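# Architecture and fold: a report
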Amino acid sequence: MDLGLNGRRVLVTGGSQGIGLAVAHGFLAEGASVTIVARDARRLASAAAELSRVPGAQVRTKSADLAQPGAAQALADAFPDTDILVNNAGAVPTGDIFAVDEARWREAWDLKVYGYVNLMRAMYTHMKGRAPKVIVNVLGIGGERPQWRYVCGNAANVALAGVTKSLGGRSIDDGIRVVAVNPGGVETERMVAIQQARAARELGDAGRWREFFADKPLQRAATPEEVANVILFLASDRASWVSGAVVPVDGGFLNRHDWF
């Protein structure tokens, strides 16, 4: 299937690892040009070197901390011709409401929530009236199935789902589609580290972390590529009538209930 992404200009935040890096790979394979954005210059350089090995790859990098005032506007102004924005930056801490204090909560939201919102606002101005343009927000299934031990992240994802729906219900009139994905567990470096720490704490052995997926679909987490594939479709012309939608990418876990 031709997704119609050849020649599109894509900006991926949090693009140096995990889902963001898989998204960058996917767009390059479809013939798009990609700019990856991240805070860590070392990781950014490593990711760029990896992506440059894709045949015909057009890759640029930008080091930016979107939690800082003015950073989102500066990024949007630096890449005003962006066709597709993938908002993926942000690492919200795990823990219940007593484990995440106010300072850490605000720090996480400055990047994950306000970083997304500020970049959407800034990029919308450049995109308006220049269809087809797309904004894809990478959220998390905790926004639909909250857990006690991820309260800060759950609340962030609920908020961003609301922003996605609010913008996406109107943005199509301006030539912009705004959509989001809610991944479940994804086998990224960060997720594995979190689950290993949990396994060490609860099971006495970090190597047993996969046991936490025993009740999940196929008893595993998703791969970053499985999430990226959905993002590519939503960003493509094949999804031209999808806006304001938040799509679960969780192998059906959201609806996996055994009541009796």
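Right, let's walk through the structure included here.

Procedures and definitions
- Residues numbered from 1 in each chain as written.
- Predicted model: local features only at pLDDT ≥ 70, side-chain atom pairs only at ≥ 80, totals over all residues.
- Heavy atoms only, no water.
- Phe/Tyr/Trp six-rings, centres within 6.5 Å; stacked < 30°, edge-to-face > 60°.
- Helix = DSSP H or I, 4+ residues; strand = E, 2+ residues; numbered from the N terminus.
- Buried < 20%, exposed > 50% of the residue type's maximum accessible area, 1.4 Å probe, protein only.
- Core = buried A, V, L, I, M, F, W, Y, C linked by side-chain atoms within 4.5 Å.
- Contact = heavy atoms within 4.5 Å.
- Pairing = 2+ DSSP bridges.

### Description of the packing of aromatic side chains
- The final tally for this structure, using the stated rule, is 3 aromatic pairs.
- With a centroid separation of 6.5 Å and 50 degrees between ring planes, the pair formed by F98 and W148 is classed as tilted. Of this pair, F98 sits in the loop between strand 4 (84-87) and helix 4 (102-127) while W148 sits in the loop between strand 5 (133-138) and helix 5 (151-171), placing them 50 residues apart in sequence. Comparing F98 with W148, the two get one shared label, exposed.
- Between W209 and F213, the aromatic rings sit 6.2 Å apart at their centres with planes inclined by 90 degrees, giving edge-to-face as the arrangement.
- Residue class for W209 comes out buried when judged on its relative accessible area of 7%.

### What about the nonpolar core?
- F27, V86 and I231 are the most contacted members of the largest nonpolar core, which has 70 residues in total.
- When residues in this core are grouped by element, the largest group, 12 residues, is from helix 4.
- Setting aside its immediate chain neighbours within four residues, F27 contacts L5, V10, A32, V34, I84, V86, L232 and A235.
- Residues V192, A199, W209 and F212 belong to the second largest nonpolar core, which totals 7 residues.

### Remarks on unusual backbone geometry
- Cis peptide bonds are those with omega within 30 degrees of zero, and the linkage from A131 to P132 qualifies with 0 degrees.
- Mapped onto the fold, P132 is located in the loop between helix 4 and strand 5.
- Although it is not a glycine, L218 sits at a positive phi angle of roughly 60 degrees.
- Tracing the chain through its elements places L218 in the loop between helix 6 (189-202) and helix 7 (224-235).
- Using a relative accessible area of 70% as the deciding quantity, one classes L218 as exposed.
- For Q219, which is not a glycine, the phi torsion comes out positive at approximately 55 degrees.
- Its location among the elements puts Q219 in the loop between helix 6 and helix 7.

### Remarks on the environment of Y150
- For Y150, the position within the fold is in the loop between strand 5 and helix 5.
- A relative accessible area of 22% means that Y150 is categorised as partly exposed.
- Sequence separation of Y150 and T94 is 56 residues, and the distance between their C-alpha atoms is 4.8 Å.
- In this view, Y150 contacts V92, P93, T94, G95 and N157; residues no more than four positions away in its chain are not counted.

### Observations concerning the pairing of strand 4
- Burial along strand 4 is two-sided: I84 and V86 and L85 and N87, pointing in opposite directions, are all buried.
- Relative to strand 4, strand 1 (residues 9-13) runs parallel, the two sharing 3 bridges. Among the inter-strand pairings, V12 is bridged to a residue of strand 4, identified as V86.
- Two elements, strand 4 and strand 5, share 4 bridges in a ladder whose sense is parallel. Paired with N87 across the two strands is N137, which belongs to strand 5.

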